[in-house]
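Here is how the chains run, residue by residue.
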Amino acid sequence: MSIIKATDVFAEVIESNTQLLPVINRFNISLGLDNQTVEEICKKVDINLNFFLAILNTYQNPNYFHKLNPNDYSILEVVNYLKKTHAYYINYALPKLEKILQTLNVSCQVHNGAVKLIHTFYQKYKEELIAHIEDEESRVFTYIGRLVETQKKESDFSILTFEKEHTNVEEKINDLKTLIVRHIPPTYNQNVANDFLIELSRFEKDISDHARIEDNLLIPMVKHIENTLSV
Amino acid sequence: MKKIVIIHSSSIICRGLTDVIKGYFNVDVFVFPSVEEFISRKVDARKLIVFTEHAENIIISQIRNQDAAKEVVIIQLHNKSESIENTCFDSSISIWAEPADFYNIIHPQLAAAETHSNEIENSNLTIREKDVLREVSTGLTNKEIAEKLHISIHTVISHRKNITAKLGIKSISGLTVYAIINNIVDTNSIDPNSLI
Ligand SMILES: [Fe+2]
Ligand SMILES: [Fe+2]
């Protein structure tokens, strides 16, 4: 898809890619957009235009890699956005998936052990994802906050540690899809299963874009800050 | 997957037979009071072992054709004291028989269901790949698997690559779910929830 620019009519951008809807909500933008351009919206809601464009384009184009200009926006804006995304996953996306999965479980005409296993698999994945998010918030984001506040590097933690340990959270979503599409006996309500797969695919896309923002935007920005500071 | 179905109008006989079967085998037993009831509810399994009191050819073929994808073994449950022959059944047994006789009639069927399912259902995995998958799903490392199966770590890794390519599943817990569903790993002795 084409790169989103400051002068684009924002409603048109959204109409052509509904995947962006939860993303703009994280910036406190609601619908009722009229014919305002991206730039006008940013002014109105008071968000950094360059940062907003960087995020939108990350979701819009799978290969988009924002060319880092450290003066364009602050690292705290990135952290704040990532936190809002985490909250969206925990408070909305995961409970929604879980609800559909419960309905799927109940919809089986006869006891379907495989659907039960899928449920267990999902539960374990959810626990892992929540632990992943909590680790980022408690260890990484607080470190970044201190870095900005004290302007000092720390001897026991740097963003390199996070870069090395940052795990893949999309793999199991894909396995979940594969198990349902290819391997489990379909003695469930098909509409419910379809809902689950569609919701799961949306979630997979959102979370992989989120991970890309962490890897390609957050980490390089923090590295850049670390390089300008002394211990 | 192995499932046993009992179709009998006497709930006492259904309960008694369920008890006897569960005393010998770790299998799911489904009880239906009538053939209609059985046909209206699909039992999820590749192979069914069905006990029924009904002897009419037309009813037996209804049971047999309930789901073309399934292999169905039908055992007549009669109330004579001696065994009777009826060609439309795979086997027959009296409700007066000893529990051990029920064991003798079910055991070969379950064993057959086991080899059958391993051959047909997962025909896309080789026997060696299934061996590796079984160990992967019980949580062994590549090194441990290599030692246990007397193959090199390199071979284990290449089997794992092929398994993932064939099944489209990457994570160990996803592979475990697959292994349980397809009876590659024995869940009689292990709790499936602890594996995932
Ligand atoms: Fe995150
Ligand atoms: Fe992450």
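Refer to the structure above for everything that follows.
These numbers come from a predicted model, not from an experiment.

Student: I would appreciate a short explanation of the overall build of chain A in the present structure.
Tutor: A count of helices and strands for chain A gives 9 helices and 0 strands. Counting from the amino terminus, chain A carries its helices and strands in the arrangement α-α-α-α-α-α-α-α-α. Taking all contacts inside chain A whose residues are at least 6 apart in sequence as the whole, residues at least 24 apart take part in 77%. As displayed, chain A offers around 11400 Å² of accessible surface, 51% of which is attributable to carbon and sulfur atoms.

Student: Sorry, what's going on with the coordination of the iron ion (ligand 1) here?
Tutor: Angles between donor atoms at a metal ideally measure 109.5 degrees for a four-coordinate tetrahedral arrangement and either 90 or 180 degrees for a six-coordinate octahedral one. All names here are of chain A. Around the iron ion (ligand 1), the protein contributes the donor atoms His86 (NE2), Glu136 (OE), His210 (NE2) and Glu214 (OE), which lie 1.9 to 2.3 Å from the metal centre. Its 4 donor atoms give the iron ion (ligand 1) angles of 82 to 164° at the centre, a pattern that matches the irregular case. Of note, the donors binding the iron ion (ligand 1) are all from one chain and are spaced H-x49-E-x73-H-x3-E. Between the iron ion (ligand 1) and the iron ion (ligand 2) the interatomic distance comes to 3.2 Å, and Glu136 is a ligand of both metals. With a gap of 4 residues between them, His210 and Glu214 both fall in helix α9 (residues 190-228), about one helical turn apart. Exposure class is identical for His210 and Glu214. Each is buried.

Student: Just checking my understanding: could you explain the interface of chain A and chain B for this structure?
Tutor: For an interface, size is often stated in terms of accessible area lost upon the parts coming together. Counting residues at the interface gives 19 residues for chain A, matched by 19 residues for chain B. Interface of chain A and chain B: buried area, both sides summed, is about 1800 Å²; carbon and sulfur atoms make up 63% of it. Summed over the three residues of chain A that lose the most area to chain B, namely Val110, Leu117 and His183 of chain A, the buried surface amounts to 31% of that side. For the interface between chain A and chain B, the tally reads 0 salt bridges. Where chain A touches chain B, the interface holds 5 residue pairs in polar contact (both at pLDDT 80 or more). Elements supplying a minimum of two residues to the side of chain A that touches chain B: α6 (113-150) and α8 (171-183) of chain A.

Student: Hey, could you run me through the coordination of the iron ion (ligand 2) in this one?
Tutor: Residues and elements named next belong to chain A. For the iron ion (ligand 2), the full set of protein donor atoms is His132 (NE2), Glu136 (OE), His166 (NE2) and Glu214 (OE), at a range of 1.9 to 2.2 Å. Linear spacing of the donor residues for the iron ion (ligand 2) on their chain is H-x3-E-x29-H-x47-E. For Glu214, a relative accessible area of 1% corresponds to the buried category.

Student: What exactly am I supposed to notice about empty space enclosed by the protein here?
Tutor: Once rolled over the atoms, a probe with the size of a water molecule shows which space is left empty. Residues and elements named next belong to chain A. Enumeration over the complete set of coordinates arrives at 2 cavities of 30 Å³ or more. Around the largest cavity, the lining residues are His86, Tyr89, Leu129, His132, Ile133, Glu136, His166, Val169, Ile207, His210, Ala211 and Glu214. Within the residue set of the lining of the largest cavity, elements represented by two or more residues are α5 (75-106), α6 and α9.

Student: Could you clarify how one ought to interpret the layout of surface pockets in this entry?
Tutor: Residues and elements named next belong to chain A. Of the pockets and cavities examined, the largest pocket occupies roughly 720 Å³. The element best represented in the lining of the largest pocket is α6, accounting for 5 residues. The residue inventory of the lining of the largest pocket, partitioned by class, reads 10 nonpolar, 9 polar and 8 charged.

Student: Looking at this structure, I do not really get helix α3 (residues 57-64) of chain B. What am I missing?
Tutor: Residues spaced three or four apart along an α-helix point in a common direction, a consequence of the helix completing one turn every 3.6 residues. Residues and elements named next belong to chain B. When α3 is considered as a whole, its buried residues turn out to be Ile59, Ile60 and Ile63. The buried residues of α3 occupy one face: seen down the axis, they fall within an arc of 100°. Set apart from the buried face of α3 by more than 90 degrees, the exposed residues are Asn57 and Ile58. Here the buried face of α3 lies against β1 (2-7), α2 (35-40), β3 (47-52) and β4 (71-78).

Student: Teacher, can you tell me more about the packing of aromatic side chains here?
Tutor: To describe a pair of aromatic rings, you give the distance between the ring centres and the angle between the ring planes. Under the definition given, this model contains 13 aromatic pairs over all chains. The interplanar angle of 25° and the centroid separation of 5.1 Å between the aromatic rings of Phe27 of chain A and Tyr81 of chain A together place this pair among those described as stacked. Of this pair, Phe27 of chain A sits in the loop between α2 (21-25) and α3 (38-45) while Tyr81 of chain A sits in helix α5, and the two are 54 residues apart along the sequence. Using a relative accessible area of 7% as the deciding quantity, one classes Phe27 of chain A as buried. In this structure Tyr81 of chain A comes out as buried when scored by relative accessible area, which is 2%. Ring centres of Phe51 of chain B and Phe102 of chain B lie 6.2 Å apart, and the angle between their planes is 50°; this geometry places the pair in the tilted category. Here Phe51 of chain B is found in strand β3, whereas its partner Phe102 of chain B is found in helix α4 (residues 99-120), with 51 residues between them in sequence. By relative accessible area, Phe102 of chain B is classed as buried at 6%. Joined through ring pairs, the aromatic side chains of Phe10, Phe27, Phe51, Phe52, Tyr73 and Tyr81 of chain A make up one cluster.

Conventions adopted
Residues numbered from 1 in each chain as written. Chains lettered and ligands numbered in written order. Predicted model: local features only at pLDDT ≥ 70, side-chain atom pairs only at ≥ 80, totals over all residues. Heavy atoms only, no water. Helix = DSSP H or I, 4+ residues; strand = E, 2+ residues; numbered from the N terminus. Contact = heavy atoms within 4.5 Å. Areas by Shrake-Rupley, 256 points an atom, 1.4 Å probe, with all protein chains shown as cover. Donors = N, O, S within 2.8 Å, 3.2 Å for Na, K, Ca; no water. Tetrahedral: all angles 85-135°; square planar, octahedral: opposite > 155°, others 65-115°. Buried < 20%, exposed > 50% of the residue type's maximum accessible area, 1.4 Å probe, protein only. Buried area = accessible area lost by both parts, 1.4 Å probe. Salt bridge = Lys/Arg side-chain N within 4 Å of Asp/Glu carboxyl O. Polar contact = N/O pair within 3.5 Å; in protein donor to acceptor, adjacent residues only side chain to side chain. 1 Å grid on protein atoms, 1.4 Å probe; cavity = no way out; pocket = protein on both sides within 12 Å on 5 of 7 lines; lining within 4 Å. Points joined across faces, edges and corners; volume = space filled by probe spheres on them. Nonpolar A, V, L, I, M, F, W, Y, C, P; charged D, E, K, R; others polar. Arc of directions from axis to C-beta. Phe/Tyr/Trp six-rings, centres within 6.5 Å; stacked < 30°, edge-to-face > 60°.

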